Structures are given as C-alpha cells and as structure tokens.
Amino acid sequence: MKNQYPGFFLVIEGIDGSGKSTLANNLYLALKKMGKDCLLTFEPTNGKWGAILRQSFTGAERLSANEELGLFMKDRQDHLENVIIPALKDGRIIICDRYYFSTAAYQGARGLDPQAILAESRAKSLEPDLCLFLELSPEEAINRIRHGRKEKENNFEQLDYLKSVAKIYGTVKNGCIPLDATLPIEELTDQALKLILQRLEDKNLN
Ligand code: TYD
C-alpha cells in the first residue's frame, strides 16, 4: 500500500555495521533543527515481539527461520498500527531504521524465499515514501563491528551470513536509493538530507 497519509515515511536500510543508526540520528537532528516534526524509530522495536527477537539475537539458541519471520512480521504490524500510521496521520516525518527489506534479506539469508517475503510485506504493510540504502562491503562492515564497537558480533553478524544478506539485499532493494557508506558521516548526512528535502517538496511537505 502507498502512503496516503499527510506525513512522510523514510526508511534506512543496510547491513549491520553500515552506519544506519548514526545516519538516522543525524537526519533526525538535522530535520528537527529545520523545524520539522520528526519521529525516529526502528525495527525490531522494543515492543512485545521485538523484545523476544532482541533476546534471541544474543541467546545460545537461535529461533528457526520461520519463527523469526513470524515475529518480525508481527512486530512490524504492531509498529505500523501503533506508531508509524498514527504519526503519519499527524503529518510527521518518520525515520525508520530497518523495515521489510531487512526481513527479505536477513530471513532470506536463512533459506526463506526473499521475493515471497517482499511480496507478502508489500501487500500487508505501508510502502515507504523513500528508502535510503547504505552500501558497504560485508568485510568492511565486520571490520567496523569488531574494531569500532569493541564487541563481539551477535548471531546476525557473522561474515558468511552478512555476505548472503548483502547478496539478497541486492535483489530486493529496487526502488531504494543507494548511498556510499564509506563517505565521511557529514557528507553522507548532507547527501541523504538533500534527497529527503527533494521528496518532501515533491509531496508538498516542505
Ligand atoms: P538492529 O537493531 O538494526 O541492529 P543494530 O542496532 O545492532 O545494528 O537489528 C538487529 C538485527 O535484526 C540485525 O542484525 C538485523 C536483524 N533483522 C532481521 O533479521 N530481520 C528484520 O526484519 C529486521 C528488521 C532486522
């Protein structure tokens, strides 16, 4: 479904370590500074289903691919109904760190059919007005996770897994605008901001 509400729905995607959360935060601050009413949010959420998922990331035993898929879908419906749609109705700008492209890529990398996940997600969820995709090689991403964060990668972040996630992302991210994640963060933020402001203008939300 297309977004028919007055607000603007921005999604940021990319593999772990690509800098999505930093970019999302920078955009939130920049847009707020311009006087725009923004909401920064993310998936998996901290709600009921998201909490189960987050717990399983670091747990010894990973959920089955289908269990994960079911939980991510429930988490998303909850997120849409209770957070995203109400904010769009209020005319706000939603910045969402991960959305259904992540489900297609990550659960796809566990053996499920990415195109089927994408089709089901598109039918059940709201399409973003703009999706920005941070391009970074899995090797560089793992490097950043290991050295930057000084923490061990979780169940989602092993190199082989990230490689297949990246490969599948490549097949499901049509319509997303690619951004070079190796750029200095200020430059990346500027590029993203320009794209957002252009789309806001197109939607008469400037
Ligand atoms: P995220 O919170 O973005 O990780 P971090 O903030 O640590 O970078 O996402 C946690 C993990 O959830 C991430 O490795 C990707 C995974 N994920 C899926 O497998 N499927 C999904 O649908 C979503 C939204 C995330």
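Above this text sits the structure in question.
Quick look at the structure, then. Bear in mind that the values here come from a model prediction, so they are computed numbers and not experimental data.

## Thoughts on the sheet that holds strand β1 (residues 8-14)
Part 1 of the argument: Taking strand neighbours across the sheet as the criterion, the five strands line up as β2-β3-β1-β4-β5 in an open arrangement whose pairing is parallel. Every interior strand has two partners, whereas the edge strands, β2 (38-42) and β5 (177-180), have only one. When the angles between neighbouring strand axes are averaged without regard to direction, this sheet yields 25°.
Part 2 of the argument: By the bridge criterion, five bridges tie β1 to strand β4 (residues 130-135) in an arrangement that is parallel. Counterpart to Ile12 in the pairing with β4 is Leu132.
Part 3 of the argument: Lying on the sheet, helix α3 (residues 65-89) is in contact with β1, β2 and β3 (93-97); it crosses β2 at an angle near 160°.

## Observations regarding the state of the cysteines
Here a disulfide denotes a covalent bond joining the sulfur atom of one cysteine to the sulfur atom of another.
Part 1 of the argument: On inspection of all chains with the given rule, the structure shows zero disulfides.
Part 2 of the argument: As a non-bridged cysteine, Cys96 has Cys131 as the owner of its nearest cysteine sulfur, 9.9 Å distant.
Part 3 of the argument: Overall, Cys96 belongs to the buried group, its relative accessible area being 0%.
Part 4 of the argument: Judged by relative accessible area, which is 3%, Cys131 ranks as buried.

## Let's talk about the layout of surface pockets
Part 1 of the argument: Of the pockets and cavities examined, the second largest pocket occupies roughly 240 Å³.
Part 2 of the argument: Together, 14 residues line the second largest pocket, and Lys2, Glu127, Pro128, Asp129 and Leu130 are the ones closest to its centre.
Part 3 of the argument: Taken together, the elements giving at least two residues each to the lining of the second largest pocket come down to α4 (100-108) and β4.
Part 4 of the argument: Taken together, the residues of the lining of the second largest pocket break down into six nonpolar, three polar and five charged.

## Quick look at the packing of helix α2 (residues 48-58) against α3
Part 1 of the argument: Interaxial distance between α2 and α3 falls to 8 Å at its minimum, and their mutual angle equals 140°. In terms of orientation, α2 and α3 fall into the oblique class. Between α2 and α3 lies a crossing whose hand is left-handed. Taking contact as the criterion, the partners of Trp49, Gly50, Ile52, Leu53 and Phe57 in α2 are, on α3, Glu68, Leu71, Phe72, Lys74, Asp75 and Asp78.
Part 2 of the argument: Counted by class, the contact of α2 with α3 contains six nonpolar, one polar and four charged residues.

## Regarding the pattern of salt bridges
Part 1 of the argument: Summed over the entire model, instances satisfying the criterion amount to 12 salt bridges.
Part 2 of the argument: For Lys20, the salt bridge is made with Asp97, and the minimal N-O distance between the two is 2.9 Å. Taken together, the residues span a long stretch of sequence, with Lys20 in helix α1 (residues 20-33) and Asp97 in strand β3 at a distance of 77 residues. Across the pair, exposure class does not vary: Lys20 and Asp97 are buried alike.
Part 3 of the argument: The shortest N-O distance in the salt bridge between Lys203 and Asp129 comes to 3.5 Å. Of this pair, Lys203 sits in the segment after α8 (185-202) while Asp129 sits in the loop between α5 (114-124) and β4, and the two are 74 residues apart along the sequence.

## Considering α3
Part 1 of the argument: End to end, α3 covers 34 Å across 25 residues, agreeing with the expected 36 Å (1.5 Å per residue, within 8%).
Part 2 of the argument: By the largest-angle criterion, Leu80 marks the main kink of α3, which is about 45°.
Part 3 of the argument: Remark: Gly91 follows α3 within two positions and exhibits a positive phi of approximately 80°.

## Things to note about α4
Part 1 of the argument: In terms of burial, α4 is a largely internal element, nine of the nine residues being buried.
Part 2 of the argument: Regarding α4, the residues found buried are Tyr100, Phe101, Ser102, Thr103, Ala104, Ala105, Tyr106, Gln107 and Gly108.
Part 3 of the argument: Where α4 is buried, its residues contact β1, α3, α5, β4 and α7 (159-172).

The rules we used
Residues numbered from 1 in each chain as written. Predicted model: local features only at pLDDT ≥ 70, side-chain atom pairs only at ≥ 80, totals over all residues. Heavy atoms only, no water. Pairing = 2+ DSSP bridges. Helix = DSSP H or I, 4+ residues; strand = E, 2+ residues; numbered from the N terminus. Axes fitted to C-alpha atoms, helices over the stretch in contact; angles between N-to-C directions. Contact = heavy atoms within 4.5 Å. Disulfide = S-S within 2.5 Å. Buried < 20%, exposed > 50% of the residue type's maximum accessible area, 1.4 Å probe, protein only. 1 Å grid on protein atoms, 1.4 Å probe; cavity = no way out; pocket = protein on both sides within 12 Å on 5 of 7 lines; lining within 4 Å. Points joined across faces, edges and corners; volume = space filled by probe spheres on them. Nonpolar A, V, L, I, M, F, W, Y, C, P; charged D, E, K, R; others polar. Parallel < 35°, antiparallel > 145°, perpendicular 65-115°, else oblique. Left-handed = near helix turned anticlockwise from the far one by under 90°. Salt bridge = Lys/Arg side-chain N within 4 Å of Asp/Glu carboxyl O. Expected span 1.5 Å × (residues − 1). Bend = angle between axes of the 7 residues up to and from the residue.

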